[in-house]
Amino acid sequence: MIKEIDAILDENPKAGREDLIPLLQEIQENQGYLSENAIIKVGKHLQLPTSKIYGVATFYNQFRFEPKGKYHIQVCRGTACHVLGSSTVLDQLEKHLKIKADQTTKDNLFSIEVVACIGACGLAPVICVNGEFYAKVTSESIKEIVENYRNKND
Amino acid sequence: MSLNIEVNNQKLSAEKGETILEVLKRNGIKVPTLCHIKDMLPTGACRICVVEQRKTGKLIPSCSQPVEDGMDILTNSPKVNEARKTIIELLLSNHPDDCLYCARNMNCELQTLSNTYHVRERRIRGVKNNHHLDLSSASIVRDPAKCILCGRCVRICDEVMGISAIDFINRGSNSIVGPTFNKGLNTSSCINCGQCIMVCPTGALTEKNHFPELLEALNDPKKIVVAQHAPAISVSLAEEFGMEAGKDINGIMNAALRKIGFNKVFDTSFTADLTIMEESAELIERVKNGGTFPMITSCCPGWIKFAEEFYPEFLPNLSSCKSPQQMMGAIIKSHYAQSAKINPEDIYSVSIMPCTAKKFEGQRAEMTSKGISDVDAVLTTRELAALIKLYEIDLNNIEPELADSPLGLRSSAGKIFASSGGVMEAAIRTANYSLTGKELVQFKVKEVRGFKGIKEAKINIDGLELGVAVTSGLQNAKELLAQIKNGRKDIHFIEIMACPGGCIGGGGQPINTDENALIARMKSIYNIDEKESIKVSHKNPEIRDLYRDFLGQPLGEKSHHLLHTTYEERDVLK
Ligand code: SF4
Ligand code: SF4
Ligand code: FES
Ligand code: FES
């Protein structure tokens, strides 16, 4: 079950500064991202300025600030994938969707996340869309993969 | 215990607990710093302050390393200089090269460093960060492209002002300093105090400038352009022209303003006197009618916005008096316009303030009457200096002049508004007279003078025991207000100024002046009070005339409309 922000905060009535990151993690796990509202609420709850919370949250790669798209694309940037050209793949993907990593397309269809090694180095470079793995992606095949999802949606 | 160290082959003694930097400074050995702020815990972020340990050849940051007995240090070895130069070159690698067009040209720490360390070419080329200018605030312009991430603004805003409107965002080469969600400063809790500008080494933070409109008005024959200058300006402006800090150049400034083309030059200290008349009457009325206590001053627009955002429960405590700037603005466009037979719409009213928050205050919707704003443009002390330079006026070669009358004569009580504690002292002088019909024997209230963050005194006016408190630097105000929330009942009247030391330390004041400048300015202000004979606002003859000819009496009908205002809780990202 997905927990609401308020419920999460209510479960941690005594939370202090040191609980900031676990709280943000829990909210992201449930909500999929950290909304502005979430950050404001956490600020009130912990009596911390929102500027500090946003500062901490943006320092870590694990947090995202836009809801995930219907199709969430994880691009592996681990060593093996890197060696086999994952940075070009990411570039192409970003250009194709006209968004950057950690962003979501305007139609809420796609979002990109950069992840560390997802344990499929043999298939490098690897991407993973909603849990489904794609092996040995190239800057060409990535477009096809995306378009297949788009068509599926129509 | 005294420690012995050696620096550049010279033996020095140091105290345990001192940092290397402190020992070096005390002995006249210069070391550049960027992230370091005096009297604050070091962060060690920039490493420009490195020195070399002779034995190991190791470079250590002097601002954060405590001295140890037997240390042997080199502060200008080739290794040290090389390291510092590299740091500067790295800072420059993604810095926009537009010094010539920068507000801080000739007064920029990065420029000075790059010159001192003889950077003569761009050896390291980084990707220029093309962050957008943030023009959203009424007072402050942020240019993150020029930010070198020293963090000084972040710490001042948090630790001294207690606001935290800005912080570091992102990480590594994507780092920037900005408000929550990287939105405009106007969405944040920023109170426009400008203390961040005062510590910024570069042009990343500057005041919002209105020269084009001002110059247009000055050159428009149909416009009557009038100036008012705040109490703190005359003792601060001199520094911008290389004169000694604290020098009072009031008369010269009046003359310069007329040379620039201002048709009238008024003194905001006059309306400081007026504020005292209204505010002391309000205090007495609250005493008599059981009003809300403690009453809190309302001269400082930084404090007002702070209260509206963070302490709405204290809004009924605020004096309803407008600030002296806004009182002057309102009187100029009403009484002055009437008596000079000018249409208020033809007046362009400029105030010169030590303060960036006054720019915001001037724009508040409450500060207009019938759609005409009380004040049309606000210049900081720095901008006035720039204007005087633009008109090529030689301050060393003009005769001092008096301000225009009426609205130009002041008591010294109005002048001491410039220092933290001044409003309180001036109010006590007049409240005492109003309640007893007699003047104080001793005008000086020394407990409320000086730079301490929270100052308190007990005042006895004819058996009426008043507890008064004065605070500056809003972090201190937070502390005081917490005590009051926790039930302190012995304080009846509070003066709160946002900037440390009061307006003399305002965010519109000269930047990069010597550390003792603030002390000199304060001294100068109290010297004026010492020397002059009219030491109370109620004896200012022009104030008496104004009540007789126009206002009637303090808190009367006219005052109510022109000189008083209201406050509203503000919803911002805090
Ligand atoms: S103007 Fe004052 S409140 Fe605003 S960001 Fe700067 S220091 Fe903070
Ligand atoms: S804006 Fe100025 S004071 Fe703030 S971090 Fe950047 S360079 Fe430093
Ligand atoms: S590096 Fe990409 S899956 Fe391991
Ligand atoms: S001044 Fe010492 S590390 Fe920045």
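Please refer to the structure placed before this passage.
These figures come from a predicted structure and were not determined experimentally. (Residues numbered from 1 in each chain as written. Chains lettered and ligands numbered in written order. Predicted model: local features only at pLDDT ≥ 70, side-chain atom pairs only at ≥ 80, totals over all residues. Heavy atoms only, no water.)

Observations regarding the overall build of chain B
Line of reasoning, step 1. Each helix and strand in chain B was counted, giving 18 helices and 19 strands.
Line of reasoning, step 2. On C-alpha atoms alone, chain B measures out to a radius of gyration of 25 Å, which is about the 25 Å that the 2.2 N^0.38 rule sets for 574 residues.
Line of reasoning, step 3. Expressed along its principal axes, the backbone C-alpha trace of chain B runs to roughly 80 × 55 × 50 Å.
Line of reasoning, step 4. Of all 574 residues assigned to chain B, the portion counted as buried reaches 59%.
Line of reasoning, step 5. Put simply, 74% of the contacts in chain B that link residues at least 6 apart link residues at least 24 apart.
Line of reasoning, step 6. As presented, chain B carries roughly 24,000 Å² of accessible surface, and 51% of it is formed by carbon and sulfur atoms.
Line of reasoning, step 7. Chain B carries 68 positive and 70 negative side-chain charges, and their two centres are separated by 3 Å. (Helix = DSSP H or I, 4+ residues; strand = E, 2+ residues; numbered from the N terminus. Rg over C-alpha atoms; globule rule 2.2 N^0.38 Å. Buried < 20%, exposed > 50% of the residue type's maximum accessible area, 1.4 Å probe, protein only. Contact = heavy atoms within 4.5 Å. Areas by Shrake-Rupley, 256 points an atom, 1.4 Å probe, with all protein chains shown as cover. Lys, Arg positive; Asp, Glu negative; His and termini not counted. Charge placed at Lys NZ, Arg CZ, Asp CG, Glu CD.)

What to know about the site of ligand 2
Residue and element names in this part refer to chain B.
Line of reasoning, step 1. Every residue close to ligand 2 is listed here: C147, I148, L149, C150, G151, C153, V177, C200, P201, A204 and L205.
Line of reasoning, step 2. Under a 2 Å grid-point criterion requiring more than half of the atoms, the pocket assigned to ligand 2 is the second largest cavity.
Line of reasoning, step 3. Residue composition of the shell around ligand 2, grouped by class: ten nonpolar, one polar and no charged. (Near = heavy atom within 4 Å. 1 Å grid on protein atoms, 1.4 Å probe; cavity = no way out; pocket = protein on both sides within 12 Å on 5 of 7 lines; lining within 4 Å. Sits in = over half its atoms within 2 Å of the grid points. Nonpolar A, V, L, I, M, F, W, Y, C, P; charged D, E, K, R; others polar.)

Quick word on the state of the cysteines
Line of reasoning, step 1. For the structure shown, the criterion picks out zero disulfides over all chains.
Line of reasoning, step 2. Between C128 of chain A, a free cysteine, and C76 of chain A, which holds the nearest cysteine sulfur, the sulfur-to-sulfur gap is 10 Å.
Line of reasoning, step 3. Here C102 of chain B stays unpaired: no disulfide links it, and the sulfur of C108 of chain B, its closest cysteine neighbor, is 6.4 Å away.
Line of reasoning, step 4. Overall, the relative accessible area of 15% leaves C102 of chain B in the buried class. (Disulfide = S-S within 2.5 Å.)

Describing the packing of helix α8 (residues 268–289) of chain B against helix α10 (residues 324–339) of chain B
All names here are of chain B.
Line of reasoning, step 1. As a packed pair, α8 and α10 sit with axes 8 Å apart at the nearest point and diverge in direction by 100°. By the angle between their directions, the pair α8 and α10 is classed as roughly perpendicular. Of the residues in α10, those touching α8 at T268, F270, T271, A272, L274, T275 and E278 are P324, Q325, M327, M328 and I331.
Line of reasoning, step 2. Of the residues that constitute the contact of α8 with α10, the class distribution is seven nonpolar, four polar and one charged. (Axes fitted to C-alpha atoms, helices over the stretch in contact; angles between N-to-C directions. Parallel < 35°, antiparallel > 145°, perpendicular 65-115°, else oblique.)

Details of the pairing of strand β2 (residues 10–15) of chain B
Line of reasoning, step 1. Here six bridges tie strand β1 (residues 2–7) of chain B to β2 of chain B, and the two strands are oriented antiparallel to one another. When the bridges of β2 of chain B are listed, N4 of chain B appears paired with S13 of chain B. (Pairing = 2+ DSSP bridges.)

A few points about the pattern of salt bridges
Line of reasoning, step 1. Using the criterion set out here, one finds 45 salt bridges over all chains in the structure.
Line of reasoning, step 2. Members of the salt-bridge network, linked through shared partners, are R258, K264, E401 and D404 of chain B. (Salt bridge = Lys/Arg side-chain N within 4 Å of Asp/Glu carboxyl O.)

Focus on the nonpolar core
Residue and element names in this part refer to chain B.
Line of reasoning, step 1. Residues W303 and L474 are the most contacted members of the largest nonpolar core, which totals 69 residues.
Line of reasoning, step 2. In this structure, this core is formed jointly by two domains, domain 2 (92–207) and domain 3 (212–563), each of which donates at least three residues.
Line of reasoning, step 3. If sequence neighbours within four positions are ignored, L474 has contacts with V160, M161, I163, I191, G302, W303, F306, I496, M497 and A498. (Core = buried A, V, L, I, M, F, W, Y, C linked by side-chain atoms within 4.5 Å. Domains from an automatic or database assignment.)

Notes on helix α4 (residues 152–160) of chain B
Structurally, the α-helix is built with 3.6 residues per turn, so residues lying three or four positions apart point the same way.
Residues and elements named next belong to chain B.
Line of reasoning, step 1. Turning to α4, its buried residues are R152, C153, V154, R155, I156 and C157.
Line of reasoning, step 2. In this structure, the buried residues of α4 make contact with α3 (109–116), β7 (166–169), β8 (176–179), α5 (195–199) and β9 (205–207).
Line of reasoning, step 3. Within two residues after α4, G162 carries a phi angle of roughly 65°, on the positive side.

A closer look at the site of ligand 1
Line of reasoning, step 1. Near ligand 1 the following residues occur: I140, C157, I163, I166, C190, I191, N192, C193, G194 and C196 of chain B.
Line of reasoning, step 2. Split by residue class, the shell around ligand 1 holds eight nonpolar, two polar and no charged.

Comments concerning unusual backbone geometry
Both trends apply: most residues other than glycine have a negative phi, and most peptide bonds are in trans.
Line of reasoning, step 1. A cis geometry characterises the amide bond from A124 of chain A onward to P125 of chain A, with omega recorded as -10°.
Line of reasoning, step 2. Along the chain, the position of P125 of chain A falls in the loop between β2 (110–115) and β3 (127–129).
Line of reasoning, step 3. Residue P294 of chain B follows F293 of chain B across a cis peptide bond; omega there is -10°.
Line of reasoning, step 4. With respect to the secondary-structure elements, P294 of chain B resides in the loop between α8 and β12 (295–296).
Line of reasoning, step 5. A positive phi angle, close to 60°, is found at N108 of chain A, a residue other than glycine.
Line of reasoning, step 6. Secondary-structure assignment places N108 of chain A in the loop between α6 (86–97) and β2.

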